[in-house]
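Single-letter residue listing:
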Amino acid sequence: MHTQRPVRRMPRPVGFWLLAATLLAFLAASSAPSPLYVVYQHQWGFSPIVLTTVFAVYVLALLVALLTVGGLSDHVGRRPVLLAALVVEAAAMVVFLAADGVGALFLARVLQGVATGAAAGAISAGLIDLQPSPTSPLGSLLNTAAPATGLAAGALGAGLLVEYAPAPTRLVFVVLTAVFVVLAALVLFLPDPVSPRPGAWASLRPRAAVPAQARRTFLAATPCLVATWAMGGLYLALGPSLTAGVLHLGSHLVGGLVVTTLFGVAAVASLVVRDVTPQRMMTGGSAVLAAGTGLTLLALAGPSTALFFVGTGLAGFGFGAAFLGAFRSLAALARPTERAELFASVYVVSYLALSVPAVLAGLAVPSFGLHDTAMVYGAAVVLLALLAAVSGAVVRRPAVVLPAAPAAPAAPASAGESAAGTGRYAVPAAASAPDRGPGSGS
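Residues take numbers from 1 onward in each chain, read along the sequence in its written order. In keeping with the predicted nature of the model, local features appear solely for residues at pLDDT of at least 70, side-chain atom pairs appear and are counted solely at 80 or more, and the whole-chain, interface and lining totals rest on all residues. Water and hydrogen atoms play no part in the side-chain values, which are based on all heavy atoms of the structure.

## Thoughts on the overall build of the chain
- Each helix is a run of H or I in the DSSP string that is no shorter than four residues. Each strand is a run of E no shorter than two, and both are numbered from the N terminus. When you go through the chain residue by residue, the secondary structure sums to 14 helices and zero strands.
- When the helices and strands of the chain are placed in sequence order, the string is α-α-α-α-α-α-α-α-α-α-α-α-α-α.
- What makes two residues a contact is simply this: any of their non-hydrogen atoms within 4.5 Å. Sequence separation of 24 or more characterises 85% of the internal contacts of the chain that already satisfy a separation of 6 or more.
- Surface summary for the chain: the accessible area is close to 16,200 Å², and the carbon and sulfur share equals 71%. Calculation of accessible area relied on Shrake-Rupley with a 1.4 Å probe; when residues are assessed, cover is drawn exclusively from the protein chains displayed.

## A word on the layout of surface pockets
- Computed from the structure, the second largest pocket encloses a volume of approximately 210 Å³.
- For each structure, a 1 Å grid was placed over the protein atoms alone; sets of points admitting a 1.4 Å probe that cannot get out are labelled cavities, open sets with protein on both sides within 12 Å along at least five of seven lines are labelled pockets, and lining residues have an atom within 4 Å of a point. Pro357, Ala361, Thr373, Val376 and Tyr377 are, among the 14 residues lining the second largest pocket, the residues nearest its centre.
- Secondary-structure elements contributing two or more residues to the lining of the second largest pocket are helix H9 (215-245), helix H13 (339-368) and helix H14 (370-394).
- At seven residues, the largest contribution of residues to the lining of the second largest pocket is made by H14. Grid points are joined across faces, edges and corners, and a volume is the space filled by probe spheres set on the points.

## What to know about the side chain of Thr68
- You can see Thr68 is positioned in helix H3 (residues 48-68).
- Residue class for Thr68 comes out buried when judged on its relative accessible area of 19%.
- We call two N or O atoms a polar contact when they sit within 3.5 Å, provided that within protein one can donate a hydrogen and the other can accept it, with sequence-adjacent residues counted only if both atoms are side-chain atoms. At a separation of 2.8 Å, a polar atom in the side chain of Thr68 contacts the main-chain carbonyl oxygen of Val64. For each residue, the accessible area found with a 1.4 Å probe, counting protein chains only, is set against the maximum for its type, and the residue is called buried under 20%, exposed over 50%, and partly exposed in between.

## A look at the packing of H3 against helix H6 (residues 102-130)
- Every angle, taken between N-to-C directions, lies between 0 and 180 degrees, and every axis is a line fitted to C-alpha atoms, over only the stretch in contact when it is a helix. Running from N to C, H3 and H6 point in directions that differ by 30°, and their axes come no closer than 7 Å. If you check the angle between H3 and H6, you find them roughly parallel. The two elements H3 and H6 meet at a crossing, and its hand is right-handed. From H3, Val50, Thr53, Val54, Phe55, Val57, Tyr58, Ala61, Leu62, Ala65 and Leu66 reach across to H6, where they touch Val102, Leu105, Phe106, Arg109, Val110, Gln112, Gly113, Val114, Thr116, Gly117, Ala118 and Ala120.
- Under the grouping applied here, Gly and all other residues not named as nonpolar or charged are polar, the nonpolar ones being Ala, Val, Leu, Ile, Met, Phe, Trp, Tyr, Cys and Pro and the charged ones Asp, Glu, Lys and Arg. Residue composition of the contact of H3 with H6, by class: 16 nonpolar, five polar and one charged. For classification, angles of less than 35 degrees are called roughly parallel, those exceeding 145 degrees roughly antiparallel, those between 65 and 115 degrees roughly perpendicular, and all remaining angles oblique. Left-handed describes a crossing whose near helix is turned anticlockwise from the far helix by less than a right angle; the clockwise case is right-handed.

## Focus: the confidence of the model for the chain
- Within a predicted model, pLDDT stands for the predictor's per-residue confidence, ranging from 0 to 100. Across the chain, the average pLDDT comes to 78, with 80% of residues at 70 or higher.
- Within the model, the stretch residues 399-442 combines pLDDT values under 50 with 154 contacts to residues more than four positions away or in other chains.

## Focus: the packing of aromatic side chains
- For this analysis, a ring pair means two rings from Phe, Tyr or Trp (six-membered ring only for Trp) whose centres lie within 6.5 Å, classed as stacked if their planes differ by under 30 degrees, edge-to-face if by over 60, and tilted for the remaining angles. For the coordinates displayed, the defined rule picks out nine aromatic pairs.
- Both rings, one in Trp229 and one in Phe323, keep their centres 5.5 Å apart while their planes meet at 85°; by these two values the pair is edge-to-face. Here Phe323 lies in helix H12 (residues 305-331) and Trp229 lies in helix H9, a separation of 94 residues in the sequence.
- Classification of Phe323 by relative accessible area gives buried; the value is 2%.

## Focus on the packing of helix H1 (residues 12-31) against H6
- The geometry of H1 relative to H6 is characterised by a closest axis approach of 9 Å and an angle of 155° between their N-to-C directions. The angle between H1 and H6 places the two elements in the roughly antiparallel class. Regarding H1 and H6, the two cross each other, and that crossing is left-handed. Note on element contacts: H6 touches H1 through Arg109, Gln112, Ala115, Thr116, Ala119, Ile123, Gly126, Leu127, Asp129 and Leu130, opposite Arg12, Gly15, Phe16, Leu19, Ala20, Thr22, Leu23, Phe26, Ala29 and Ser30.
- Split into classes, the residues belonging to the contact of H1 with H6 amount to 11 nonpolar, six polar and three charged.

## Focus on helix H8 (residues 171-187)
- Over its 17 residues, H8 runs 24 Å from end to end, which matches the ideal 24 Å to within 8%, given 1.5 Å per residue.
- Buried residues of H8: Val172, Phe173, Leu176, Thr177, Phe180, Leu183, Ala184 and Val187, and no others. Take H8 and look down its axis: the buried residues cluster within an arc of 130°, on one side only. Helices are assigned an expected span. That span is 1.5 Å times one less than the residue count. What the arc measures is the spread of directions leading from the helix axis to the C-beta atoms.

## Some points on a nonpolar patch on the surface
- A cluster of nonpolar side chains, namely Leu60, Leu352, Val356, Leu360 and Leu363, defines an oily patch on the protein surface of about 410 Å² accessible area.
- In terms of residues, the nonpolar patch owes the most to one element, H13, which gives four residues.
- In this fold, Val356 is placed in helix H13. For patch building, the residue pool is restricted to those with more than 30% relative accessible area and no salt bridge; the joining distance is 9 Å between like charges and 5 Å between nonpolar side chains (Val, Leu, Ile, Met, Phe, Trp, Tyr). When a carboxyl oxygen of Asp or Glu is within 4 Å of a side-chain nitrogen of Lys or Arg, the pair counts as a salt bridge.

## Regarding the nonpolar core
- Counting 113 residues, the largest nonpolar core has Phe26, Leu82, Phe180 and Phe263 as its most contacted members.
- Apart from residues no more than four positions distant in its own chain, Phe263 is found in contact with Ala148, Leu151, Ala152, Trp229, Gly232, Leu236 and Phe319. By nonpolar core is meant a set of buried Ala, Val, Leu, Ile, Met, Phe, Trp, Tyr and Cys residues that side-chain atoms within 4.5 Å join together.

## Focus on the environment of Leu386
- Tracing the chain through its elements places Leu386 in helix H14.
- C-alpha of Leu386 to C-alpha of Gly284: the two residues are 102 residues apart in sequence and 10.0 Å apart in space.

## Side note on H1
- Its 20 residues place the ends of H1 29 Å apart at the C-alpha level, agreeing with the 28 Å of an ideal helix rising 1.5 Å per residue.
- Most of H1 sits out of view: 14 of its 20 residues are buried.

## Things to note about the environment of Leu384
- Within the element layout of this structure, Leu384 appears in helix H14.
- Given the relative accessible area of 25%, Leu384 is considered partly exposed.
- When residues no more than four places from it in sequence are discounted, the contact partners of Leu384 are Pro223, Val226 and Ala227.

## A look at the side chain of Glu89
- Topologically, Glu89 is positioned in helix H5 (residues 78-98).
- A positive count includes Lys and Arg, and a negative count includes Asp and Glu. His and the chain ends are not counted in either. An unpaired buried charge is present at Glu89: no salt bridge exists, and Arg109, the closest side chain of opposite charge, is 7.4 Å distant.
- Residue contacts for Glu89: discarding those within four places in its chain leaves Phe26, Ala29, Gln112, Ala115, Thr116 and Phe180.

## With respect to the environment of Arg8
- Positionally, Arg8 belongs in the segment before H1.
- Classification of Arg8 as exposed rests on a relative accessible area of 77%.

Dropping the structure here:
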């Protein structure tokens, strides 16, 4: 009689860095199609409405997955959830690879959104599970910086391949398919500290709520959440179109660089301001976002390519700082049993802001033109960002004493679980102890 030998798992430090690489790969894949939208539009002749809707369905599918299966890895383990998400993501890349019309793009983006939303919780929680020590800042740092870095790298890599490599709509997805197949094979050997436990089916019920003690701060943070992610939606959906149609730059690399600049600088900003109080992050970041967006509007009126990139970089810095400040202000107000609902509400607002304004912009382009639509869109972002700066400065956070707990930060466009497994979404490091929020002074 032969006994089955247990699978030999990789060392925990190796598993930690594998999760970080996987998070970066998922977010890189999510922005990779952005430089290709102009190519698809030229080949298949679809309208800007269709273009922005293709972008939006990804966000909505991600949101649905985030709210339903985002906490599943707490019950069945990190490894099976992540493995399933990688298989679905690889399938999405294959659909992109074989796409011959708009229907295939919709299917690919829906699959990709489901996979990314499912993986986000398992990865973010796994980074806290496997970080070097319970008090290490490394898991929190990677949870914060990796998503924005991935978004920047995906747009830049796709732009390079589209501009200089053969088969512009194919090669990028050949590369990404191979990446996800390799990652899926490696995840089979990932150490998993979570043992299966009851409650998996119950965890699939969507939950989103704002605790009473956080409602005033949530209301104050909402303009910030909407302004930051609406700006991100504009760049992901229409950024390359703006460089081609308004700045008259035909290079697909430049189209990718626009997205890379916004999210790359946002990632840097989250590192630079991580020790600043949440109030200053949110108010100062919102003001910088307004200034940067204003510069991009001047650049489009010019038009001036150099000023456009300067404004985009400044807006990216404000994006990263403002969102991190808003999230930390709220996270410190959530008790362990309230975190999932509160963070679900944060991401509902953020992802709707990422998708709905972009779709409305697509509807407006045929009637008003790309230039005028972008000008009105940008002006709305400036007003929201200024409102966010004012509301963050004047609204005081309720004085609520919460139990300290190990925590990890939420990352832009992704979410995870608390280190203690009490919520679906990662909690910023600053939330592990009472934290000064908007209006609390510095």
